[in-house]
Amino acid sequence: MTDPEVCSHGSQSEKETAKKEASLLKPTGSIDDDHVGQTQECRNGQFHRSFSPRQVHIISLGSNIGSGVFIATGKALATGGPGNMLIAYAMVCSCVWGVLQSLSEMTIAFPVSGNYIDFADRWVDPSLAFGAGFAEWLGWTAIVAAEAGFFDVLVQYWAEGSFPQAATITLFLAACLFIFVLPNKVFAWFEYVTSLIKIVIFLIIIILSLALVLGAGPNGYMHRGETWTTLPPFLNGFSGFANCALLATWAVGDQVFIGIMGGEAESPRFSMAHATKLVPFRVNVIYILSVVFITILVPSDDDRLLGGSGIAASPFVIAIQDSGIPGIASLLNAGMMCGILGLAAESIYISSRVLRSMSHQRLIPERLARVDDKGRPRLALIITSVVAVILAYIQLASGGLTVLNWLISITSASFFSNWIIIAFTNWRFHCALKAQNDQLFTEIYAWKSSLWPLAPAWLMLVSLLLLVCCITSGIVPAGGSGFTAENFFQYIIGLLIIVIFTVGTGRRPLGSEEITLLDSYYKQPAWRRFLTYVQLW
């Protein structure tokens, strides 16, 4: 066992964090508690604190912005109508506040990469940590493959079918994976730059949308909300709302990237507290403004929302084309390509850290937990990349769009399922502090969730509603097409995977007391054992 005081890349603040972790992992009283906690944290190497507060600030503004916002909003409008779409997006966006409030107070106290998987293991149960980790890993790995498909769609906007899809996916994957061959600081700067581009694109969209509402463009006219009054604001009943809510979950993302990135930030206390206030504002203001403008500018019965190809199906592009303004669609297309590249790299980062965290906790073979001298979990990155590449190339087979829909469904299910786990884990975290009379929230610069327990309670409530939405969409699909086994499993497969991997790993060996009890039970005659099934006392 190595000396715990000599931990690679371990700053004094990280050592204090390890001490704090040890106090909640076991009862106090042992003189070796602090040493054990530090050694356990460092035994597989440590990540570098590669993200500066400024980088965390900008990346948190642009994180999770990808195809779900740029393109999938069109499908939500067509299947749910403007009313369902606005309510669903507002509800899901409010969860971002709940996620970050619940996750941040744990991450600030225990800034470890892959954090909420670690927290679920620490304060709830290893089987729950495994289920949560596998769902998160699979969900974000699926996003890489899905974004590869959307990237090809954006390329074909210019190429018009002259560039092979296989070549597009290959170039896309090569660009995403090459970043992780380099030190972590390169990834931090890549995410910083692509986040800046996404922020600028979003600002352009908001300003341009306002101008279009007021009648800008050669073909422009003043929009007075006729898309809400001449057409039904609510389509397909609850099924329409459910579909909008699941698409909103895909678009908004689970936001755990901020928490995982906080585990490798130079100042987790500053960066996480800052992002916790900033990100919900960005999501709730920018996203909701975008949705409001979409519902005003584009009617829900526009055939291009579902029948258009890729970027042409984006409601933003439809509105620009209708106004007659040239050149803007190509600018948005280029910006979206950068955004999708950034989100795919972000997804690989999250997946590899989650896989490494599971390995570090010995939920899977610990060999995958090793971190190299550049701060990269090399084996976890390799496995994640291989699976992402396989899923991406599956789309080249016939039925590639069907594969894409399944990937999106798996990701959406993993997001709200893990929101439930985060909410429950946060409650258990407070129970652990209370049980040990830990005065964590009274320390200098301590950070506590405002209005606790409102954040985890609201997050749990909305997540359970999203669970109902998922089941409803599987049984009663929007559009009245009727029940089919394929549609049912498309929506339910993500839930099945999570439940199976959570329950299936909950096995524990029998204790000596249980074995003694069972020995005495089976020594009894059969008639006596039978009476135990019918006796009432």
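Residues numbered from 1 in each chain as written. Predicted model: local features only at pLDDT ≥ 70, side-chain atom pairs only at ≥ 80, totals over all residues. Heavy atoms only, no water.

Within an unreviewed UniProt entry, the label attached to the protein chain reads Amino acid permease/ SLC12A domain-containing protein, and the organism entered is Penicillium flavigenum. We quote the UniProt Subcellular location (unreviewed entry) comment for the protein chain here in full: "Membrane". (UniProt positions renumbered as here; feature names shortened; annotations may be inferred.)

Caption draft 1: Structural view of the overall build of the protein chain. Across its full length, the protein chain holds 22 helices and zero strands. Within the protein chain, the proportion of its 537 residues that are buried is 56%. Taking as baseline every contact in the protein chain between residues at least 6 positions apart, the subset at least 24 positions apart corresponds to 82%. As displayed, the protein chain has an accessible area near 22400 Å², and 67% of this comes from carbon and sulfur atoms. (Helix = DSSP H or I, 4+ residues; strand = E, 2+ residues; numbered from the N terminus. Buried < 20%, exposed > 50% of the residue type's maximum accessible area, 1.4 Å probe, protein only. Contact = heavy atoms within 4.5 Å. Areas by Shrake-Rupley, 256 points an atom, 1.4 Å probe, with all protein chains shown as cover.)

Caption draft 2: Layout of helix α7 (residues 126-159). Taking 1.5 Å of rise per residue, 34 residues should cover 50 Å, and α7 covers 49 Å from first to last C-alpha, within 8% of that figure. Among the 34 residues of α7, 30 are classified as buried, and the element is accordingly described as predominantly covered. At the exit of α7 stands E160, carrying a positive phi of roughly 55°. (Expected span 1.5 Å × (residues − 1).)

Caption draft 3: Representation of the packing of aromatic side chains. Overall, the coordinates contain 15 aromatic pairs when judged by the stated rule. Between F488 and F489 the ring centres are 5.4 Å apart and the planes differ by 80°, which places this aromatic pair in the edge-to-face class. F488 gets classed as partly exposed once you look at its relative accessible area, which sits at 22%. Through pairs of rings, three or more aromatic residues link up here, namely F119, W123, F429 and F441. The ring of W123 carries R122 above its face, with NZ or CZ at 5.8 Å from the centroid. (Phe/Tyr/Trp six-rings, centres within 6.5 Å; stacked < 30°, edge-to-face > 60°. Lys NZ or Arg CZ within 6 Å of the ring centre and 35° of its normal.)

Caption draft 4: Structural context of the environment of F441. Turning to its location among the elements, F441 is positioned in the loop between α18 (400-435) and α19 (454-475). Judged by relative accessible area, F441 falls into the partly exposed class, the value being 26%. Distance from F441 to A109, taken between C-alpha atoms, is 9.3 Å for residues 332 residues apart in sequence. F441 has contacts with E105, F429, H430, L433, A446, W447 and K448, leaving out every residue within four places of it along the chain.

Caption draft 5: Seen up close, the packing of α7 against helix α17 (residues 378-394). At their nearest, the axes of α7 and α17 sit 8 Å apart, and the two run at 45° to each other. As far as their axial angle goes, α17 and α7 are oblique. Taken as a pair, α7 and α17 cross one another with a handedness that is right-handed. Across the interface between the two elements, W137, T141, A142, V144, A145 and A148 from α7 touch I383, T384, V387, A388, L391 and A392 from α17. For the contact of α7 with α17, a count of residues per class yields ten nonpolar, two polar and no charged. (Axes fitted to C-alpha atoms, helices over the stretch in contact; angles between N-to-C directions. Parallel < 35°, antiparallel > 145°, perpendicular 65-115°, else oblique. Left-handed = near helix turned anticlockwise from the far one by under 90°. Nonpolar A, V, L, I, M, F, W, Y, C, P; charged D, E, K, R; others polar.)

Caption draft 6: Molecular detail of a nonpolar patch on the surface. Judged by side-chain polarity, L379, I382, V386, I390 and I394 come together as a nonpolar surface patch covering roughly 390 Å² of accessible area. If you trace the backbone, L379 turns up in helix α17. (Patch = residues over 30% accessible without salt bridge, like charges linked within 9 Å, V, L, I, M, F, W, Y side chains within 5 Å. Salt bridge = Lys/Arg side-chain N within 4 Å of Asp/Glu carboxyl O.)

Caption draft 7: A look at the confidence of the model for the protein chain. Chain-level statistics for the protein chain give a pLDDT mean of 78 and a share of 80% at 70 or above. The least confident element of the protein chain, judged by mean pLDDT, is helix α1 (residues 12-25) at 42; the most confident is α19 at 92. Below pLDDT 50 for its whole length, residues 1-39 participates in 54 contacts with residues either more than four positions away or in separate chains. (pLDDT = per-residue confidence, 0-100.)

Caption draft 8: Main features of the side chain of T79. Among the structural elements, T79 can be located in helix α5 (residues 72-109). A distance of 3.5 Å separates a polar atom in the side chain of T79 from the backbone oxygen of A76. Those residues in contact with T79 that sit more than four places away from it in its chain are L235, N236, G240, N243 and A478. (Polar contact = N/O pair within 3.5 Å; in protein donor to acceptor, adjacent residues only side chain to side chain.)

Caption draft 9: Representation of the environment of G133. Structurally, the position occupied by G133 is in helix α7. The sequence separation of G133 and S357 amounts to 224 residues, and the corresponding C-alpha distance is 8.3 Å.

Caption draft 10: Quick peek at the environment of Q321. Mapped onto the fold, Q321 is located in helix α15 (residues 315-323). Here Q321 falls in the partly exposed class, since its relative accessible area comes to 38%. Residues Q321 and N219, 102 residues apart in the sequence, show an inter-C-alpha distance of 9.2 Å. Leave out the neighbours within four places in its chain, and Q321 touches Y157 and R304.

Caption draft 11: Here's a closer look at unusual backbone geometry. A cis amide bond, omega 10°, links W452 with the succeeding residue P453. Tracing the chain through its elements places P453 in the loop between α18 and α19. A positive phi angle is found at R362, which is not glycine, with a value near 65°. For R362, the location among the structural elements is in the loop between α16 (328-360) and α17.

Caption draft 12: Fine view of the packing of helix α11 (residues 237-252) against α19. Taken N-terminus to C-terminus, the directions of α11 and α19 make an angle of 115°; their axes are 9 Å apart at the nearest point. In this structure, α11 meets α19 at a crossing whose hand is left-handed. In this structure, α11 contributes F238, S239, F241, A242, N243, A245, L246 and T249 to the contact, and α19 contributes L465, L466, V468, C469, C470, T472 and S473. Here the contact of α11 with α19 is composed, by residue class, of ten nonpolar, five polar and no charged.

Caption draft 13: Looking closely at the state of the cysteines. Per the stated rule, a full pass over the model turns up zero disulfides. Distance from the sulfur of C244, which forms no disulfide, to the nearest cysteine sulfur (C469) is 9.7 Å. Since its relative accessible area comes to 0%, C244 is described here as buried. There is no disulfide at C469, and the cysteine sulfur nearest it, in C470, is 8.7 Å away. Exposure remark for C469: the relative accessible area of 0% places this residue in the buried category. (Disulfide = S-S within 2.5 Å.)

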